[in-house]
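# Examination of the molecular architecture
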Amino acid sequence: GEQQPKLNPSVLANIYNHQRAHYNRAVSSLRKQYFAELSARRERERRIKAAEEAKLRRETLERRRLKGMRSAENARRQLEKQEARRIEWEADLALTQRERDTKKELYKKARQKIVDELEAECHLWLTTPAEVERALGNPHASQVLWSRPGGMIGAPSGEDTGFGDFGDFWRYECHTWDSSPTYKSPREVMLEKLEHLSYLRANSDPRYWTKERVQEEEMKEQTARLRAVVREEGRRSLLNKQREMMRDIYGNEDYDHKKEHQKGHRLPPTAMPAPQLDYLADYEAQEREGVKIMKRDPRKFFIFESDLPNSSSRNLEGAASAEDGESADREGGTGASLGRPVALRNPFFGDKPTAFPLRMGRDMPDDTRTEKEKKRDERQERMRAAAEEAALAASKGASYEVAMAAEEDLEDGSEDVDYDQAEEDAEKELWVDQEEQWGDMDRKVFDMTPPSARLTPDDVEWIVEQLNVKAKKTEERLDFEDKIRKKEMEKMMSGDMGSKPIESLEEVDRYVMEGLGYDMDAIEALVMELTPEQSAALEEIDFASRGDTDITEEEMTNELKVVPGLTDEQIRALVGMEMKLLRDEKLKNIA
């Protein structure tokens, strides 16, 4: 074939260079175009970002401005509140100050009134022992103060004083029930009554308490009791009226049932509120209400002649219906039919002698049987029980246990036990041996005497013995008190300014112990030799506090040997001292 002409390398190089230069120019132009576009884009994004930042900054500044305005408004409002509180506090302070000044002025007037009253009565004050003895030591003052309840000397008595017949304390009467589980025997009750009578006889002077004065005091006491009963009855009536009124206002179950299907009615509350207790402090209202009840039904306050057991049957029937005032009026319970009032009723005691029952019981008689008689009675009792078992088992055709169970399950049809009659029968058994010696009058007196007042000769001897023992103890105590007073007067009259009258309990105890013959110096020396540990150990085994009077010297010695460090001489001294203290009856009476 035809051969291609060979190209010149220089021409090829020029062509390559021209093409490369053209490529470079095109790429450079494209790069410049890209750079221009990128710069424009960046500039646009920068402007957008700057605009957004400016917007955000403007919004932030706006929020800060608004917040500052709100803070300023709140601060202004807070300052206004503070100013208002300050003004209110100043006004309250001024009001409180005025109230305080008013109260101080009232207290000042009250103090001045007290001072004026004290100045008015200061000439009546008893400031020296001689004046006290002259005013209260005379027999008349003692009778007025201590013989009857409510006695007073020197205190004014009137409606505005709270003393005397008008005093509020007349409404109260205290009675204490002895809740001891041990019943008192009739002779112990009689001993207490005799002591009370002896106290009244010792403190009441018949020369002062004439018949007129006794009647005057009894009338005063009866008036006070009547006032208390009238006030209590009026209080009860007012509270009942208040309860009925509240029930009418707030309704009850029947009222709610009637109004259940009606419209427009007022529904009662779920619970009745607590009632007002103003009536409890309004004594005048209570007395007015009580007087109305007394006029309407005097049987609630007085016992009339028609209420006595020996009245006619018609009057007794009227007395049985005295609980209801309206029924009493319907049955003719007027003043003419009731008769004359003979006594006051005592609703606080339930019309009984005392406010609480008096539990009494007699001691079981001494068992004087010999041992042989006791064994014989026990053997007879066992034989009787065995015979009853055999008879019961034979009649039932079963064992004794089954028959007894059947008997216990069935009612025997017996009547209830009359304990009053049983007590009366048991009481009469004590006097069976003496009934043969009684006459008609003795038997009548026995039947009229309550069981608690029936005393046997042994009971009378016991009462006389107890009275003698108490009289002896009282005389011994009075003797020791006289000795103490004499010694105190000797010290006061001796002129020794360094000495002082007996005032402390230790001095009185030492003087009493020395008067009983005890060597107090030796006892104190013995106590001083003991260590604190020994003193604590001896206090734990205190024989006097235990009341063990039957202890022997050997038993006491054995107990004291437990104390560490005590010598035989100290133990003997302590035993001798303790035994003497335990057996000293005079010291027990004084203690």
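Given the structure is predicted, the values throughout are model-derived calculations rather than measurements.

## What about the overall build of the protein chain?
Tallying secondary structure elements over the protein chain gives 22 helices and two strands in all. Classification of the 591 residues of the protein chain by burial places 17% in the buried group. Partitioning the intrachain contacts of the protein chain with sequence separation of at least 6 by distance along the chain shows that 63% fall at a separation of at least 24. Per element, the accessible surface of the protein chain, about 47,000 Å² overall, is 54% carbon and sulfur.

## Considering the confidence of the model for the protein chain
In low-pLDDT segments, the atomic positions of the prediction should not be examined closely. Counting all residues, the mean pLDDT for the protein chain is 76, and 74% of those residues have values of 70 or more. Note that residues 313–332 has pLDDT below 50 and, in this model, 25 contacts with residues that lie over four places away or in other chains. Here residues 497–508 scores under 50 on pLDDT; set against residues more than four positions off or in separate chains, the count is 14 contacts.

## Focus: the packing of helix H5 (residues 211–250) against helix H7 (residues 283–296)
One can describe the packing of H5 onto H7 by two numbers: an axis separation of 7 Å at closest approach and a directional angle of 95°. Relative to H7, the element H5 lies roughly perpendicular. Taken together, the residues of H7 that come into contact with H5 (itself represented by Leu226, Arg227, Val230, Arg231, Glu233, Gly234, Arg235, Ser237, Leu238 and Lys241) are Tyr283, Ala285, Gln286, Glu287, Glu289, Gly290, Val291, Ile293 and Met294. In terms of residue class, the contact of H5 with H7 is made up of eight nonpolar, four polar and seven charged.

## Here we look at the nonpolar core
Residues Leu538, Met556, Leu560, Leu566, Leu574 and Val575 are the most contacted members of the largest nonpolar core, which totals 18 residues. Elements that contribute at least two residues to this core include exactly helix H17 (520–528), helix H18 (532–540), helix H20 (553–560) and helix H21 (568–582). Setting aside residues no more than four positions away along its own chain, Leu566 makes contact with Leu530, Gln534, Leu538, Leu560, Ile571 and Leu574. Listed in part, the nine residues of the second largest apolar core include Val229, Phe301, Leu338 and Leu344.

## Structural notes on the packing of aromatic side chains
Applying the stated criterion across every chain yields a total of three aromatic pairs. Where Tyr208 meets Trp209, the ring centres are 5.1 Å apart and the plane angle is 90°; that geometry is what we call edge-to-face. By relative accessible area, which is 13% here, Tyr208 ends up buried. In this structure Trp209 comes out as buried when scored by relative accessible area, which is 13%. Measuring from centroid to centroid gives 6.2 Å for Phe302 and Phe304, while their planes differ by 65°, and the two rings are edge-to-face. Comparing Phe302 with Phe304 shows no difference in burial state: the two are buried. Against the face of Tyr208 rests Arg213, its NZ or CZ located 3.9 Å from the ring centre. Cation over ring: Arg454 sits above Phe446, and NZ or CZ is 4.0 Å from the ring centre.

## Focus: the packing of H20 against H21
Look at H20 against H21: their axes get within 10 Å of each other, and the N-to-C directions meet at 130°. In terms of orientation, H20 lies oblique with respect to H21. When the axes of H20 and H21 are compared, the crossing they make is right-handed. Residues Glu553, Met556, Thr557 and Leu560 of H20 pack against Ile571, Leu574, Val575, Glu578, Met579 and Leu582 of H21.

## Quick look at a nonpolar patch on the surface
Residues Leu194, Leu197, Tyr199, Leu200 and Leu467 make up a contiguous nonpolar surface patch of about 420 Å² in total accessible area. As for its placement among the helices and strands, Leu200 is situated in helix H4 (residues 186–203).

## Let's talk about the pattern of salt bridges
Under the defined criterion, the tally for this structure stands at 24 salt bridges. The salt bridge partner of Arg376 is Asp377, with a shortest N-O separation of 3.8 Å. For Asp377, a relative accessible area of 25% puts it in the partly exposed group. Here the residues in one salt-bridge network are Glu73, Arg76, Arg77 and Glu80, joined through shared partners.

## Digging into a positive patch on the surface
A contiguous patch of positive charge on the surface is contributed by Arg63, Arg64, Lys67 and Arg70. Position of Arg64 among the secondary structure elements: in helix H1 (residues 9–121). A relative accessible area of 60% means that Arg64 is categorised as exposed.

## Structural notes on the environment of Arg454
By the element assignment, Arg454 lies in the loop between helix H14 (440–448) and helix H15 (457–493). The spatial distance from the C-alpha of Arg454 to the C-alpha of Pro186 is 7.4 Å, given a sequence separation of 268 residues. Residues contacting Arg454, with those up to four places away along its chain left out, are Pro186, Arg362, Glu424, Glu427, Trp431, Phe446, Asp447 and Thr449. In terms of polar contacts, Arg454 uses its side chain to reach the backbone carbonyl oxygen of Phe446, at 3.1 Å. Reaching out from Arg454, the side chain makes a polar contact with the backbone oxygen of Thr449 at a distance of 3.0 Å.

Conventions used here
Residues numbered from 1 in each chain as written. Predicted model: local features only at pLDDT ≥ 70, side-chain atom pairs only at ≥ 80, totals over all residues. Heavy atoms only, no water. Helix = DSSP H or I, 4+ residues; strand = E, 2+ residues; numbered from the N terminus. Buried < 20%, exposed > 50% of the residue type's maximum accessible area, 1.4 Å probe, protein only. Contact = heavy atoms within 4.5 Å. Areas by Shrake-Rupley, 256 points an atom, 1.4 Å probe, with all protein chains shown as cover. pLDDT = per-residue confidence, 0-100. Axes fitted to C-alpha atoms, helices over the stretch in contact; angles between N-to-C directions. Parallel < 35°, antiparallel > 145°, perpendicular 65-115°, else oblique. Nonpolar A, V, L, I, M, F, W, Y, C, P; charged D, E, K, R; others polar. Core = buried A, V, L, I, M, F, W, Y, C linked by side-chain atoms within 4.5 Å. Phe/Tyr/Trp six-rings, centres within 6.5 Å; stacked < 30°, edge-to-face > 60°. Lys NZ or Arg CZ within 6 Å of the ring centre and 35° of its normal. Left-handed = near helix turned anticlockwise from the far one by under 90°. Patch = residues over 30% accessible without salt bridge, like charges linked within 9 Å, V, L, I, M, F, W, Y side chains within 5 Å. Salt bridge = Lys/Arg side-chain N within 4 Å of Asp/Glu carboxyl O. Lys, Arg positive; Asp, Glu negative; His and termini not counted. Charge placed at Lys NZ, Arg CZ, Asp CG, Glu CD. Polar contact = N/O pair within 3.5 Å; in protein donor to acceptor, adjacent residues only side chain to side chain.

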